[in-house]
Structures are given as C-alpha cells and as structure tokens.
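For reference, the chains in residue letters:
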Amino acid sequence: MASGSSFKLSDSIAASMPEALRQSQYYMKRCFTTYVSKGRRLMKRQQLMDEMEKTIEDKLEKTQVLEDFLGYILSSTQEAAVVPPCIAFAVRPNPGSWEFVKVNADDLGVDAITSSEYLKFKETIFDEKWATDENALEVDFGALDFSMPQLSLSSSIGNGANFISKFMAYKIRKHAKSANPLVDYLIALNHQGENLMINETLNTVEKLQTALILADVFLSSNPKDAPYQNFEQRLAEWGFEKGWGDTAETVKETMRSLSEVLQAPDPLNMEKFFSRLPTIFDVVIFSPHGYFGQADVLGLPDTGGQVVYILDQVRALEEELLLRIKKQGLYIKPQILVVTRLIPDARGTKCNQELEPILDTKHSHILRVPFRTEKGVLRQWVSRFDIYPYLERFTQDATAKILDHFEGKPDLIIGNYTDGNLVASLMASKLGITQGTIAHALEKTKYEDSDIKWKELDAKYHFSCQFTADVISMNTTDFIITSTYQEIAGSKDRPGQYESHAAFTLPGLCRIVSGINVFDPKFNIAAPGADQSVYFPYAQKQKRLTSFHSAIEELLYSKEDNDEHIGFLEDRKKPIIFSMARLDIVKNITGLTEWFGKNKRLRNLVNLVVVAGFFDPSKSKDREEIAEIKKMHSLIDKYQLKGQIRWIAAQTDRFRNAELYRCIADTKGAFVQPALYEAFGLTVIEAMNCGLPTFATNQGGPAEIIVDGVSGFHIDPNNGDESSNKIADFFEKCKEDVENWRKISIAGLQRIYECYTWKIYANKLLNMGSIYSFWKQLNKEQKQAKQRYLQMFYNLQFRNLVKNVPIPSDEPQQPPAPK
Ligand code: UDP
Ligand code: LCN
C-alpha cells in the first residue's frame, strides 16, 4: 500500500491526484505519455503496471514510485480507457467502491468524472457515434433508491438481513410509532384466509404491548410443555391468533421477543421474532433451462450444479419448514414446487413428465411446463443462451399451473440463473409475492469485456438479452442469495460478479450507469452444502457403498476403451488426481490435462482421472463441448498420455460418484478443480465432504471455501506450471509422510462442518424470506416506483432484444453449425 507522501486514504483520488502528480511529475508524465502513445484502447491493471515499470529504468526509483501514489492508483485501477490525450481510470480502492478520474497526459490536468462520463469516454474507443449521441439510452436504477438505507463498510456487504434488523431496531428505538407498520403487518398475516398471530382487536402498539404482558403472566402459570390447544381460547379472548408456538414455553418465548422489539428493540430479538413468524408455507423455485430431473441428467449440457443445488435445497427447506411450522403450533402442509420446462424430446430422462414428486421429501414436486411458440410446443432442448424468446409465455403458463397446484398464491418465489430469475421477477411483481434470486453464475464476468464487445458475441451467446435480464431481476427482487462474498463484491483485486453490473455499457444499445449497488441490504450470503448422507468421509468404513466397488474398479483400471471410458492407468499403485465437471471451456478440464501432460514430475507421482462430457463430438449438441472434446483427444495424443490418464464420460449417479470420490481418497489422491472461473463449485464441497484433499481454482468461490494450505489448496488456472508444481510438491511431501495427506483431509472436513451445510443454509434462507416480506411492505412506495421503471425497461428494451434470438425448427436437433 502506498505510503503516498501527502496522500490520505480518506481523500478522494481526484482530490489527491494533482498534488501527487506535481510531486513526481517527471515519472507521471513519462508514464502517461507511454499510455497514450499507442492510441485508443482499453488497458487492464496488469498492462498499466507493466508499461509503467518499463518507463522507469532505475530500480530504486521504481520501488519509490510503486510505493507512492501512482503505484496506489494503478494497483487499485481495474481498467483505464485511453483516448489521447486523455486517460480515464476506473479505480476501485475497496470492494464495491469505485472512483472515476480523467487525466490529461499533456498537462497532467485531473478531473473527477461520473460513472456515466467514464462509460461514455470508454465507448468512444468502440463506437464514437453512439458515445456522443445525446439520446443514447442511459439507465440509472440507483436514481430510484432515494430513501433506501445502504450498508457503509465493504466488510459488511452480504449481511443484508442482519443490517435490516439493526436498522429496524434503531428506527423503533428512535420513534415508537415506527412499530405501527409491524402491527399492521401482523394483523394481515393469514393462511388461506385464516388469521395468524393477531387480529384487529390488537390494532395499536399499546394494545398489543398490554396484551403481551397479560399473556406472559398467564403463560407463566402454565406448565412449559402445555400444548397450545390448552390455552388457545384464553389467548383468543385477548386478540391472539394461532402461530405463536406449539407449547406454553415457545409461545412465551415468541411473545417475549416481540415485547422486546416493541419496548427496547435490539437486532437479536428482531431476528429471533422474524425467524418465528409463520409467513412461509408454499414456495416456488424456478429453474427453467437444461434438463431438470432427479436421474440421468447431470453432465448433460447446461445441467450441472444448479440441479444438484436445487434438489438438495428443497430437501433442506422442506425439513426446516416442517420443523418451524410444528414449532409455530400449526398444522399446515408446506409445499415446494420446482418449476422447470417440459422437454418432449427428453432423451431417456423424465423431463417430459409434467409432475414428479421429489425424492426424500413429503410434499415437494417438480412441475414441468413446456415452452410454447406460435408453432406450438418446442420439443427439443435449447441452450441456456438461446432461451429468451420462450420465457414470457412460459411465465404465464407456469403461473396458471402454480396457482392451480397451490389453490392460491405461493408465499415466496425463488429464481435461479438468468432465465429463472427473470421468470420469478415477472411472476412475483405481477402477483405481489416476495422474491429471492440466486445467480449461481453471472455470465458477464466469465468472458472478458463481454459487455463492451457484446456485438461480437451476441450471435453466439445473446448477452444483450442476458445482461438486460440480469439487471432487471437484480432490481426487481426483494433479496439476493449468494454463495460467497466474492460473488457479490469480489476480492481486493477482482470485482465481484454483481459488482461488475454496477456500471457497464453495451455500446450501441444501452449504458447502465447504475445497474446494482452491492451495498444494498438485499444481498445475503448463504452458502450451499452437499448432501451428507451421500457425500460422507472415506474413513466411515461401515457406511461405504461397497456394492459399487467392482464397477468403480472397472471404471478406473480396466485396460480396454469402451463407451464409458478411454485411456488406462498402467501403474495402479500411484495416487490419483481426479476432476469432474461439465466439458465447458471455463471448467478447464483440458487445461488440467495439459498441465499434467507437461509436468514430468507430476506424471511420475500420480495418475490423472477426469470425468467429463463425451468422447465422440457427434454425440454432443453443445458448441463449446464439441470443441473441448476435440481438444481433449489432441492433448492425449500430443503428450502421449495413454497409460497415465483415464477419461471417463459424464456420470449421472451421485451415489456412485460419491463412492468414486472416496475410492480416489483410498488411493491417497486429491481432487483438482482447475476452472478458469468458478462461481461456487459444488464438486469442491463434495470432494471435501468425502475427505479428499482438494486443489481448487483461486478464481471465484473456491478461493473462499478453502483456506489455502490449511483446508486444501488454491491453484491459479492462469499459471499452469505453478499449479501443477504445487500439486506435485504436495504429493512428494505425502510420499515422505502420509500424515501430510491426512492433515489436509481432516482440516477440509472441519471447514465443511463449520460453514458449508444445508442446515445452516435452510435456516438463513427462511429467515430472509420472513424479514424481506416485511421489509418489502415497509418500502412499498419506493418499490412500486422502481417497478414502473423496470416494467418500461422490460417492455421497451428486453422484449425487442428477444426478437433477435432464433427459434429452432421443429425437426429433432442436429448438432448445430457453428454460429
Ligand atoms: N456432476 C455429475 N456428473 C458429471 C459432472 C458433474 O454428477 O459428469 C455433478 C457434480 O457432482 C456436481 C455438479 O454436477 O454436483 C456440478 O456442480 P458444480 O458446482 O461443480 O459446477 P456447475 O456444473 O454447476 O457449473
Ligand atoms: C453453477 C455454477 O457454475 C457453480 O459454480 C455452482 O456451484 C452451482 O451452480 C451451484 O450453485
């Protein structure tokens, strides 16, 4: 960090810059002249640093400048737009905080500029005419956040529900009348028309407080475990309805937390009270794309962790709902409906079945609704990138089916990924239901400069639709569930996935000057887990699924190639490094194969086993997958890997997969997740749950899951040599002392039990559902104003963009020609 002579971190960059420029004018001038010398372009931080270093020959001077203000600015800059003679810097001193400054390389004049000015300046590199068009579409969602409180510290980002509890407690403490909306909210609570909690008798704070005191005295005279029915009548006389608890003790506890909230509010009681409120019974979870099923779907294109996540989520949520409802003293059956598309050409899966009960649940189902066009029902799978033309009609059809299924409105709608989030937004805003969204991955950050270069990529990926849909959903939803902090606000050096939507531009189409604010209290972190009845440690011998062992033995070690595997492992005494993922470019399975191929030391120490995709490109319909299959074959040839690699086709049985992780642990091997970028990384969690030491990408979620060197290791996907050597070092160390292996295995398990379980997740999610249902009511007017703006944006912009996405013909789909 810069010691920066006269610079204080509290100063804005633009304010400090003139003085700093004056102090090291010579180098500043040289440096900026170099930047502008190559003409218009966009520069990233590393380029800025490299070129700066080249301009200063003297080593000592270089260190001085780097430690000084210029070094600080450059190391905090994400990108700079160069349009000679000026350079505009997008500086990010802290996660979520941005400043934009423009420097004139000729006279070193400095101007603070707005995000809009920065984006316009940047656009001139790509589309000058549009950039200077005064009527270019500019969107500013932040303009409607006039009274919404915001978090202030980068470190609090992602703690939205907690912040809201604090904020509400503070408001009520300051003005008792701020509790009035809570009373109104409680009066309105009902289930299918039957009142819950309180009725009109208790329509003021004073009346409610008095009744709570009376009830407390009365309840104290009852045995703790007296059932609610024993005193229901008495409570009803004072204006209380069902929902407070199942026994005298729980009712008293809930009432006490409300009394505290009304008298001496504090965030803890606020959270406790909301966690007890009977607000959620029926939940809809949207996940339209892919093949959504319970068997034989994983590894199919676009069908991966999201499906696993949702099915596990439903089980955990149902369990938690049943517990809560029982504790509330209610006899209501919670229902969860996962709504996806029905695919008539289901390729042997159950994706053509309308209603399917979800295994290991009592009341949850998958509801499948087909995509319809003017030509009728769309029969085949379509890529998630081509899904936009069907979503509006799908929402209408699905809404009708859902209302029918529940015989009324659900209490909470959760969307998944761009398509599910948009559908959830459309339905939730139409019916006025509380909404949560989950991105799993926001595509924008996966492809460098995908916003500014959208025109090049649009034919293939339709990012114009995707990014537009994403900002609509982010702004519509009541709360956002993320798996990690980095998903929201990144790390010190890298912006988060949501953060990258704060200000961006699609030149020629739309300039989003304020897309989402990561300090908004709607953001919450609730990390998923892995099903621990399936993914349990290798050392739990009595639970091991030994019936799979002969099949796994064949899968790993048989010598002949067949439809399920190619390649073989000559020396079976070696530990195995294992990876499993969809065969997408970002998953970087080909990268791992190449690192392995190149690193003799690693090849001497271990074998490589990968589960990914197909071997025959003609079997795939996915354009990226086809390219990756071909690349895998060529790498195996190039590095002569046969004898040291086993390539296994996508596997769909999670029980067998779990046993496979454990069998890899038996070889004292490791799991390697080499993705170029991974939003969260369920395989990392699965492997760690099985006690398998894990090396995972430092780009994205896994960097947060694993504490490097303690509960596993980080690897840099952009530095293959370093990564493969790190893996080799570990195995060399383990060869000397197997304790090294055990230590990491145990620490990985500890990390999981502390932070990554579905039980923790379900609790957090239901608390969010409850607290944001009220928060939404509190901010009704502002929400409505924003909704109108969003509707206009959807109608005028999104619906037009959708028209550019081709609808495939009815013929069974052949592998598509590259677009
Ligand atoms: N998976 C599988 N078979 C495969 C590839 C992946 O069962 O051939 C499972 C894997 O066990 C994990 C999920 O699919 O549960 C992948 O989730 P992850 O978060 O790693 O990646 P995503 O595919 O969601 O990007
Ligand atoms: C999608 C991804 O890309 C993964 O990183 C996540 O683990 C998965 O969804 C589940 O959230």
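Keep in mind that this is a model prediction, so the values were computed, not measured. (Residues numbered from 1 in each chain as written. Chains lettered and ligands numbered in written order. Predicted model: local features only at pLDDT ≥ 70, side-chain atom pairs only at ≥ 80, totals over all residues. Heavy atoms only, no water.)

Before we go on, may I ask you to explain the site of ligand 1 in this structure?
What surrounds ligand 1 is a group of 19 residues, the closest being G305, R582, K587, Q651 and E686. At 3.1 Å, a side-chain N or O of N657 approaches an oxygen atom of ligand 1. Protein burial of ligand 1: of its 540 Å² of free accessible surface, 92% is covered by the chains. Among the detected pockets, ligand 1 sits in the largest cavity. Among the secondary structure elements, those contributing two or more residues to the shell around ligand 1 are α14 (305–327), α24 (654–666) and α25 (682–689). (Near = heavy atom within 4 Å. Polar contact = N/O pair within 3.5 Å; in protein donor to acceptor, adjacent residues only side chain to side chain. Areas by Shrake-Rupley, 256 points an atom, 1.4 Å probe, with all protein chains shown as cover. 1 Å grid on protein atoms, 1.4 Å probe; cavity = no way out; pocket = protein on both sides within 12 Å on 5 of 7 lines; lining within 4 Å. Sits in = over half its atoms within 2 Å of the grid points. Helix = DSSP H or I, 4+ residues; strand = E, 2+ residues; numbered from the N terminus.)

Would you mind showing me how to read the layout of surface pockets here?
A probe as big as a water molecule, rolled over the atoms, marks out the empty space that is left. Taken as a whole, the second largest pocket encloses approximately 900 Å³ of empty space. Elements that contribute at least two residues to the lining of the second largest pocket include exactly α9 (180–188), β7 (190–191), α16 (417–431), β16 (434–438), α29 (758–778) and α30 (780–802). Among the elements that take part in the lining of the second largest pocket, α30 stands out by supplying 5 residues, more than any other. Looking at the lining of the second largest pocket residue by residue, the classes come out as 10 nonpolar, 17 polar and 9 charged. (Points joined across faces, edges and corners; volume = space filled by probe spheres on them. Nonpolar A, V, L, I, M, F, W, Y, C, P; charged D, E, K, R; others polar.)

Would you explain the sheet that holds strand β20 (residues 523–525) in this entry?
In any sheet, the strands associate via hydrogen bonds between backbone groups, in a parallel or an antiparallel arrangement. With respect to topology, 8 strands assemble into an open sheet ordered β11-β12-β10-β9-β15-β16-β17-β20, the strand pairing being mixed. Lying at the two open borders of the sheet, with one neighbouring strand each, are β11 (355–357) and β20. Direction aside, the axes of adjacent strands within the sheet are offset by 25° on average. Here 6 bridges tie strand β10 (residues 335–342) to strand β12 (residues 365–370), and the two strands are oriented parallel to one another. Following the sheet pairing, L337 is matched in β12 by H365. Against the sheet, α29 engages β15 (412–416), β16, β17 (479–482) and β20, with an angle of about 165° to β17. (Pairing = 2+ DSSP bridges. Axes fitted to C-alpha atoms, helices over the stretch in contact; angles between N-to-C directions. Contact = heavy atoms within 4.5 Å.)

What am I meant to see in the site of ligand 2 here?
Residues in close proximity to ligand 2 include G305, Q306, Y309, H440, E678, A679, F680, G681 and L682, which together make up its full environment. A distance of 2.3 Å separates an oxygen atom of ligand 2 from a polar side-chain atom of E678. Between G681 and ligand 2, the recorded distance is 2.9 Å, taken from a backbone N or O atom to an oxygen atom. For ligand 2, whose accessible area on its own is 290 Å², the fraction buried by protein is 91%. The cavity that encloses ligand 2 is the largest cavity. Ranked by residue count, the leading element in the shell around ligand 2 is α14, at 3 residues. Here the shell around ligand 2 is built from residues that sort into 4 nonpolar, 4 polar and 1 charged.

I keep staring at empty space enclosed by the protein and nothing clicks. Help me out?
Applying the stated criterion to the full structure yields 6 cavities of 30 Å³ or more. What lines the largest cavity is a set of 41 residues, among which G304, G305, Q306, R582 and K587 lie closest to the centre. Those elements giving two or more residues to the lining of the largest cavity turn out to be α14, α24 and α25. Broken down by element, the residue count for the lining of the largest cavity peaks at 4 residues, all from α14. The residue inventory of the lining of the largest cavity, partitioned by class, reads 17 nonpolar, 14 polar and 10 charged.

Got a minute to help me understand helix α8 (residues 160–174) in this structure?
Helical geometry: 3.6 residues make up each α-helical turn, so side chains three or four residues apart lie on a common side. Taking 1.5 Å of rise per residue, the 15 residues of α8 would be expected to cover 21 Å, and the 21 Å separating its terminal C-alpha atoms lies within 8% of that figure. Restricting attention to buried positions, one finds in α8 the residues G160, A161, F163, I164, S165, M168, A169 and I172. Tucked into the core, α8 has its buried residues touching α12 (248–263), α13 (267–276), β20 and α29. (Expected span 1.5 Å × (residues − 1). Buried < 20%, exposed > 50% of the residue type's maximum accessible area, 1.4 Å probe, protein only.)

Quick question: what am I supposed to make of the state of the cysteines here?
Throughout this description, disulfide means a covalent bond between two cysteine sulfur atoms. Under the defined criterion, the tally for this structure stands at 0 disulfides. Just so you know, C734 is unpaired, no disulfide at all, and the nearest cysteine sulfur is the one on C690, 18 Å from it. (Disulfide = S-S within 2.5 Å.)

Looking at this structure, I do not really get the pattern of salt bridges. What am I missing?
Counted under the stated rule, the structure contains 48 salt bridges. With a shortest N-O distance of 2.7 Å, E678 and K587 are connected by a salt bridge. In this pair, E678 sits in the loop between β25 (670–673) and α25 while K587 sits in the loop between β22 (576–580) and α21 (589–598), placing the two residues 91 residues apart along the sequence. On the accessibility criterion, E678 (9% relative accessible area) is buried. (Salt bridge = Lys/Arg side-chain N within 4 Å of Asp/Glu carboxyl O.)

Quick question: what am I supposed to make of the environment of Y447 here?
Topologically, Y447 is positioned in the loop between β16 and α17 (454–461). Sequence separation between Y447 and L457 is 10 residues; the distance between their C-alpha atoms is 9.7 Å. Contacts of Y447, omitting those with residues within four sequence positions, involve F385, Y461, F463 and E624. Here the side chain of Y447 touches E624 through a polar contact of 3.3 Å, side chain to side chain.

Explain the packing of helix α15 (residues 391–406) against α16 here, please?
Any two packed helices are characterised by the angle at which their axes cross and by the distance between the axes. Direction vectors running N to C along α15 and α16 enclose 55°, while the axes themselves pass 10 Å from each other. Our classification of the angle between α15 and α16 gives oblique. The interaxial crossing formed by α15 with α16 has right-handed handedness. Along its contact with α15, which presents L391, E392, F394, T395, T399, I402 and L403, the element α16 presents D419, L422, V423, L426, M427 and L431. Here the residues of the contact of α15 with α16 are counted per class, giving 9 nonpolar, 2 polar and 2 charged. (Parallel < 35°, antiparallel > 145°, perpendicular 65-115°, else oblique. Left-handed = near helix turned anticlockwise from the far one by under 90°.)

Sorry, what's going on with the sheet that holds strand β3 (residues 86–94) here?
Strand order across the open sheet formed by 5 strands is β1-β2-β3-β4-β5, with antiparallel pairing between neighbours. Of all the strands in the sheet, just β1 (41–44) and β5 (110–113) have a single pairing partner and so form its edges. Adjacent strand axes in the sheet meet at a mean angle of 20°, parallel and antiparallel pairs treated alike. Two strands pair when backbone bridges link them, and β3 and strand β4 (residues 97–104) are joined in this way by 7 bridges, in the antiparallel orientation. Paired with A88 across the bridge in β4 is K102. Across the sheet, helix α3 (residues 45–55) touches β1, β2 (77–83) and β3, and the angle it forms with β1 is around 85°. Helix-sheet contacts for helix α6 (residues 115–126) involve β1, β2, β3, β4 and β5, and the interaxial angle to β2 is about 55°.

Explanation requested: the confidence of the model for the chain in the structure shown.
Close inspection of predicted coordinates is inappropriate in any region flagged by low pLDDT. When pLDDT is averaged across the chain, the result is 95; 98% of the residues are at 70 or more. Contacts for the low-pLDDT stretch residues 812–819, under 50 throughout, to residues beyond four places or in other chains number 12 contacts. What the predictor reports for the complex is a pTM of 0.95 with an ipTM of 0.99. (pLDDT = per-residue confidence, 0-100.)

What am I meant to see in unusual backbone geometry here?
Phi is mostly negative for residues that are not glycine, and the peptide bonds are mostly trans. Going from P84 to P85, the amide bond is cis rather than trans, its omega being 5°. Relative to the assigned elements, P85 resides in the loop between β2 and β3. A positive phi angle is found at D360, which is not glycine, with a value near 60°. Among the secondary structure elements, D360 is positioned in the loop between β11 and β12. Judged by its relative accessible area of 65%, D360 falls in the exposed class.

How should I be thinking about α15 in this particular structure?
The terminal C-alpha atoms of α15, which comprises 16 residues, lie 22 Å apart, in line with the 22 Å expected from a rise of 1.5 Å per residue. The complete set of buried residues in α15 reads L391, F394, T395, D397, A398, T399, I402 and F406. Along its buried surface, α15 packs onto β9 (282–286), β10, β12, β13 (372–373) and α16. In the segment just after α15, E407 is the residue with positive phi, at about 55°.

Even after reading the chapter, I still don't get the packing of helix α4 (residues 59–67) against helix α5 (residues 69–76), so can you show me in this structure?
One can describe the packing of α4 onto α5 by two numbers: an axis separation of 4 Å at closest approach and a directional angle of 65°. For the pair formed by α4 and α5, the contact residues are V65, L66 and E67 on the first element and F69, L70, G71 and Y72 on the second. Of the residues contributing to the contact of α4 with α5, the split by class is 5 nonpolar, 1 polar and 1 charged.

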